[in-house]
Amino acid sequence: MVVKVISSAEAISEAVKLARPSVIPVYPITPQTKISEKLADYVADGELDSQYIRVESEHSAMSAAIGASGAGVRVFTATSSQGLAYMHEPVFAAAGMRLPIVMANANRALSAPINIWNDQQDSISERDSGWIQLFCETGQEAFDTVLQAYKIAENPEICVPVMVCVDGFILTHTVDPVELISQEEANEFLPPFTPVNAYLRTDDPMSLGTLADPGHYLEIRYDLEKAVNASKELIEEVGKEYGDKFGRYYGLIEEYKSEDAEIILIAMGSICGTIKDVIDEQREAGKKVGLIRIRSYRPFPKEALKEAVKDARLAVLDKDISFSVGGALFSDVRSSVNNESYGFVIGLGGRDITPDNIEEIIAKTENPTNDVEWIGLRE
Amino acid sequence: MKSIGAAVRDPGSTRRNKTGSWRTFKPVADKEKCIGCGLCYLYCPDGCISLEYDPDYDYCKGCGICAEECPVKAITMERE
């Protein structure tokens, strides 16, 4: 077993190397991360046999990913904030064309004002694209999730691209011990990709991503909805299979001391580490507080959430804002469960989220005054 | 129907896009009044009308030009 002290950006590159994609189209300029840099190293050093395409923009990166995936090979790309916004159009096309692309996104704020620090507005803004979105808490989870993402995306019954989301800076620029798996173990868990559905080939030519008139579009979108919904079961299955092999289990949600909790915090990504620490302290002080970490934001784990929240009061943390409504996660939680719930917008543009902020959120959930509150605003 | 990837395997699938579904009004001819001048056939922008005035309702979008051009007002536009 190999343990490396690396950032989540490097952890993702390690996982991608093990997944052996044939094509890696990236735009390796700001706002990129070390993910593309490390992959370029691997390819240049002959450690990874991939076609590394330096494209001229993120729009082109996703377009090239679509072309390559359409030709039936495994594809990886990575992006962040403005880059993801710039590829918005082909991001929708990739899902609509049911191409099993895996993309890592380092979650960072969107302009304006220009800001390169962490929040989750970028991927949240792509939530309706049809992509599966998995949010990671640690570098270890990012490593594990990339390998699982291919297995989910490439399932012939699913065929939906997966976005692996990691908090920019907090995870991508800090290091942690990450346990790696060997190439043999990776090959066994994730065999080479054999496309079984539509893909471009010379012996059976076809058109992909064609026009669909009003007589067909609705059904095709409905099929995508069914596939995204069906992926819930697969995400759990793949997480369990991975856990049985490597000892780290993942599912749609993670429940932390929420079993008997009177107040449950709901959040995504690296902030959950801080929340867990605060919960431990509050538990010691006799407060029944818990956490539900949403790992799969799309598909939204409605059923699992319903079961886990019981009749607790909910505090939903959002590192994003849907103006005049509150956070996007908050809206999703409210539309899924009937529990009394409050939304907290926090940490936009990389504003530090401290244990004090979390305690304030818990206190405000005990004695609520507003539906939605912004935490950490300066006077 | 199960669709994967909006893929089309056979050429010529444009014909499956039945533009007649766009129609709100349908041209109907009174063949007794028709003098067989062929103006409707000439003016139809979609080539949907035969010389005997048999519109192809699969592709006729109901633009009404045939009714407008008919010199003897043999064509009326009826709501679908």
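How each quantity is defined
- Residues numbered from 1 in each chain as written.
- Chains lettered and ligands numbered in written order.
- Predicted model: local features only at pLDDT ≥ 70, side-chain atom pairs only at ≥ 80, totals over all residues.
- Buried ≥ 20, exposed ≤ 12 C-beta atoms within 10 Å, placed from the backbone.
- Helix = DSSP H or I, 4+ residues; strand = E, 2+ residues; numbered from the N terminus.
- Contact = placed C-beta atoms within 7 Å.
- Nonpolar A, V, L, I, M, F, W, Y, C, P; charged D, E, K, R; others polar.
- Core = buried A, V, L, I, M, F, W, Y, C linked by C-beta atoms within 7 Å.
- pLDDT = per-residue confidence, 0-100.
- Expected span 1.5 Å × (residues − 1).
- Bend = angle between axes of the 7 residues up to and from the residue.
- Domains from an automatic or database assignment.
- Axes fitted to C-alpha atoms, helices over the stretch in contact; angles between N-to-C directions.
- Parallel < 35°, antiparallel > 145°, perpendicular 65-115°, else oblique.
- Left-handed = near helix turned anticlockwise from the far one by under 90°.

(A) Up close: helix α12 (residues 328-336) of chain A. Those residues of α12(A) lying buried are A:A328, A:L329, A:F330, A:D332 and A:V333. Close packing links the buried residues of α12(A) with α6 (121-124), β10 (263-267), β11 (289-294), β13 (313-318), β14 (341-346) and β15 (372-375) of chain A.

(B) Geometry of the interface of chain A and chain B. The interface is formed by 19 residues belonging to chain A together with twelve residues belonging to chain B. Ranked by the residues each element gives to the side of chain A that touches chain B, the list is headed by helix α9 (residues 217-246) of chain A, at three residues. Here the side of chain A that touches chain B is composed, by residue class, of nine nonpolar, six polar and four charged.

(C) View of the nonpolar core. Counting residues in hydrophobic clusters, the biggest one holds 117 residues, and the most contacted among them are A:I12, A:V146, A:V164 and A:I266. The biggest single contributor to this core is helix α7 (residues 139-153) of chain A, with eight residues. Core analysis: the next-biggest nonpolar cluster, separate from the first, contains eight residues, B:C40, B:C48, B:I49 and B:C66 among them.

(D) Spotlight on the confidence of the model for chain B. Predicted confidence across chain B gives a mean pLDDT of 90, with 95% of residues reaching 70 or more. With a pTM of 0.93, the predicted complex shows an ipTM of 0.73.

(E) Examining α9(A) more closely. Residue and element names in this part refer to chain A. Under the 1.5 Å per step criterion, the end-to-end length of α9 is 42 Å for 30 residues, consistent within 8% with the ideal 44 Å. At K232, α9 is bent by approximately 30 degrees, the largest bend along its length. Those residues of α9 that are buried lie in contact with α5 (88-96), β6 (132-135), α7, α8 (183-189) and β12 (296-298). Looking one or two residues past α9, G247 carries a phi angle of roughly 85 degrees, positive in sign.

(F) Structural view of the domain arrangement of chain A. Residue and element names in this part refer to chain A. Taken as a whole, chain A is organised into domain 1 (2-246) and domain 2 (254-375). Once you take the C-alpha centre of each, domain 1 and domain 2 turn out to be 27 Å apart. Taken together, the contact pairs 26 residues of domain 1 with 20 residues of domain 2. If you list the elements that add at least two residues to the side of domain 1 that touches domain 2, you get α6, β6 and α9.

(G) How the structure looks around the packing of helix α3 (residues 58-70) of chain A against α5(A). Residues and elements named next belong to chain A. With their axes 8 Å apart at the nearest point, α3 and α5 run at an angle of 15 degrees to one another. It follows from the interaxial angle that α3 and α5 lie roughly parallel. As α3 runs across α5, the sense of the crossing is left-handed. Residue-level inspection shows H59, M62, S63, A65 and I66 of α3 in contact with α5, the latter providing E89, P90, V91, A93 and A94. Split by residue class, the contact of α3 with α5 holds seven nonpolar, two polar and one charged.

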